[in-house]
Amino acid sequence: MDNSGENPTKSDLSAQEQSTREAQTTTISPEISDHSLSKEDLELDADVLEDVLFCVGEMGLYQKLMFLGMLPFTTFYIWVYLVQIFITVTPEKYWCKISALDALPMELRRNLSAPGAATGKWDKCHTFDADWNQVLNTLSPPPPGTRQIPCPNGWEFEFSDIPYASVVVERGWVCSQAAYAPAAQSLFFVGSLMGGLLFGWIADNFGRIPALVGANLIGAIGGISTIFTRGLWDFIFCRFLVGLSFDNCFMIPYILILEYVGPGHRTWVANLPLAIFGGTAGVCLPWIAYFASDWRLTLWLTSLPMFGAIISPWVMPESVRWLVSRGRIEEAVKVVRKFERVNKTTVPGDVMDKFITNSKKMGSKKMESFINIFRNKLLRRTMIYMIIVYGSDDVIYDALVRLTQVFGFDFFITFTINMGIEIPAVLLLTALLDRVGRRLLTGGTLFMGGLALFFAMLVSKGLSRVALGVLARFLIKIAFTVLCQWGTEILPTPFRASGSAFLHMTGFAASLLSPFIVFSETFWEPLPLLIVSTWAIITAGITFLLPETKGQEMPQSVRDSEKIIVTQSLMKQPEMKDFKHSLSRILSSTISDTIHRDPSGRVSRLRLH
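Every chain's residues receive numbers from 1 upward, in the order its sequence appears when written. Residues qualify for local features only when their pLDDT is at least 70, as the model is predicted, and side-chain atom pairs are given and counted only at 80 or more; totals for whole chains, interfaces and linings, by contrast, use all residues. Hydrogens and water are ignored here; the side-chain numbers use all heavy atoms of the structure.

A few points about a nonpolar patch on the surface
Rules: Only residues whose relative accessible area exceeds 30% and that form no salt bridge are eligible for patches; like-charged ones are grouped when within 9 Å, while nonpolar side chains (Val, Leu, Ile, Met, Phe, Trp, Tyr) are grouped when within 5 Å. Per-residue and other accessible areas follow the Shrake-Rupley method at a 1.4 Å probe size, with only the shown protein chains counted as cover for residues. Note on definitions: salt bridges are taken to be side-chain nitrogens of Lys or Arg within 4 Å of carboxyl oxygens of Asp or Glu. Numbering of helices and strands runs from the N terminus; a helix is a DSSP stretch of H or I covering at least four residues, while a strand is a stretch of E covering at least two.
Taken together, Ile 221, Phe 228, Leu 297, Trp 300, Leu 301, Leu 304 and Phe 307 make up a surface patch of nonpolar side chains, about 620 Å² in accessible area. Here Phe 307 is to be found in the loop between helix H13 (295-303) and helix H14 (312-315).

Laid out in structure tokens, this is it:
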């Protein structure tokens, strides 16, 4: 049906896109599977939502309301991730508790009981095996050479830097038990790993909305249950439950909104929630903890709001792409009609008929298992690169979040600055991403961030190290945020939720290492910075092996993803081909000028300059 009179612009665009697709098919056919090139698949693999989305509005009122709806989910995502730092933070100054000295002023108690207190750097884990009544009478520390023993009665903490008793303080998780807090935080990431599998499977089999509600409810339950724990293992189990929700409580609505906006709006819609909502939540959290001055109250304040996700089925639309892939065409049409009503637009009858017809064909195709991604040569190779980059970037970013105390400045102020700097970082990448591209922006910021961390290792604690740390956090945040969007733009619709969950799971698996990277400071103070700086520089190089998705439509099928991988890999870019050609000519000319051959063609001498 010719609808050029009704919508000439769209018709012209569609004709141009069809011509472009046919040209690309001819060009890239040697590298794409034969099956994906069949005429039927060319029709079925077309993004059936694009025409409808154009008609209902690529950024109408409904999409704007969805954008505002990202506020609570982005806040939950930030709080679930960061609150564990504030409930397990350890004050810098502590020493063995000696009950006999309780009546004395705090500084005097420390000077009498902590070996080396007179130097300002005392032993936090040992005290003297002395007659404390005699020490109390003389108010002098035990004589030199007195035998030292591990703390017999726990520890005393000075709350000058951390103004409340955290879990670590209450339960004495220091010295021989110092690994308990990193272990609990690592089990949080084990929960995230399992949650990625669980909620990715729910999202692909039962829908995005059920997975969204489930992820937030389990996070709320786990957070509140943590308040009532008494020991190590019940605490670890509750943090594991919270970990199940991490990332999934945010990534599901994140994927949803990206599916409903046009390509021209995708970058700012993908990144502004993290900048505005996430940045604000991160800046507020340290002061929630500071003014609450109670780790249990902090958990109440950050966990209870997650129960609000129960209203999601009434305010968030299910994914039309997912409904189509499951053959639930009537429900998909209802969602489209709702967009029409809210956006006050109309989808022409012929466009809707085409949408329904194509949707039925798509729905009749058998759903493929996520494992099929690894059976496809192009997707397998790309997924391996993405797994490496995701995992590495997660470790680097998480380690930087936890290294706040390493920079030697006020804990709450430094944390606030680090979170605040993420707002301009994400705003900057929003402005640059569609101009510079995903590959260069990610690789470049990782490399420069790695250098900043390396130089931070070389300077002493204080303002200079804080400045370099903030710069590195700024750069690494850019790379970390780009990756969230990049993965969704490479994976095809049938695998987008489970594939994104899988990639984030690999990040969580790698993040198991980050608490122990921070813990390595106990062996050598600059070691954590050396590890993350080296890791960032190496990861920057691997980033350039991924395909560029700037200006590309979201892939609906495996074939669409193959086309992006083949046509947008670095070695396929015209500038790279021109560079290789120019380099070849320069080398050829240089060799010709350097090597002198005799009439028989043998090298007779080298002409050196």
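Moving on from the coordinates now.
Brief notes about the environment of Lys 344
This is how the line gets drawn: Accessible area is worked out with a 1.4 Å probe on protein chains only. A residue is then buried under 20% of its type maximum, exposed over 50%, and partly exposed in between.
For Lys 344, the location among the structural elements is in the loop between helix H16 (329-343) and helix H17 (349-364). Judged by relative accessible area, which is 75%, Lys 344 ranks as exposed. Spatially, the C-alpha atom of Lys 344 lies 7.9 Å from that of Val 56, the residues being 288 residues apart in sequence.

A few points about unusual backbone geometry
If you check the backbone angles, Cys 175 has positive phi at about 55 degrees while not being a glycine. Position of Cys 175 relative to the elements: it lies in the loop between helix H7 (167-171) and helix H8 (180-205). If you check the backbone angles, Lys 344 has positive phi at about 55 degrees while not being a glycine.

Describing the packing of helix H18 (residues 377-402) against helix H25 (residues 527-543)
As a reminder, the rule being used: Orientation is described by axes fitted as lines to C-alpha atoms, over the contacting stretch for helices, and by angles from 0 to 180 degrees between their N-to-C directions. Each angle receives one of four descriptions, namely roughly parallel if under 35 degrees, roughly antiparallel if over 145, roughly perpendicular if within 65 to 115, and oblique otherwise. The crossing is said to be left-handed when, going from far helix to near helix, the turn is anticlockwise and less than a right angle, and right-handed when the turn is clockwise. Between two residues, a contact is recorded if the distance between any of their heavy atoms is within 4.5 Å.
Interhelical geometry of H18 versus H25 gives an angle of 150 degrees and a closest axis separation of 10 Å. One way to sum up the angle between H18 and H25 is to call them roughly antiparallel. At the point where H18 passes H25, the crossing takes the left-handed sense. Across the interface between the two elements, Tyr 385, Ile 388, Val 389, Ser 392, Val 395, Ile 396 and Ala 399 of H18 pack against Val 532, Trp 535, Ala 536, Thr 539, Ile 542 and Thr 543 of H25.

Looking at the side chain of Glu 158
Quick note on the threshold: By the criterion applied in these results, polar contacts are pairs of N or O atoms within 3.5 Å in which, for protein atoms, one can donate a hydrogen and the other can accept it, and in which residues neighboring in sequence qualify only through two side-chain atoms.
The topology assignment puts Glu 158 in the loop between strand E4 (155-157) and H7. Looking at Glu 158, its side chain comes within polar contact range of the side chain of Ser 160, at 3.2 Å. Residues contacting Glu 158, with those up to four places away along its chain left out, are Pro 91, Lys 93, Trp 95, Met 106 and Arg 110.

A few points about the state of the cysteines
Put simply, the test is: Note on terminology: pairs of cysteine sulfur atoms within 2.5 Å are recorded as disulfides.
Overall, the coordinates contain 2 disulfides when judged by the stated rule. Paired through a disulfide, Cys 96 and Cys 151 show a sulfur-sulfur distance of 1.8 Å. Between Cys 96 and Cys 151, the disulfide has an S-S torsion of -65 degrees and is therefore left-handed. Separated by 55 residues along the polypeptide, Cys 96 in strand E1 (residues 94-96) and Cys 151 in the loop between strand E3 (148-150) and E4 bring together distant segments of the chain. The disulfide partner of Cys 125 is Cys 175, and the S-S distance across this bridge is 2.0 Å. Around the S-S axis, the bridge from Cys 125 to Cys 175 shows a dihedral of about -95 degrees and counts as left-handed.

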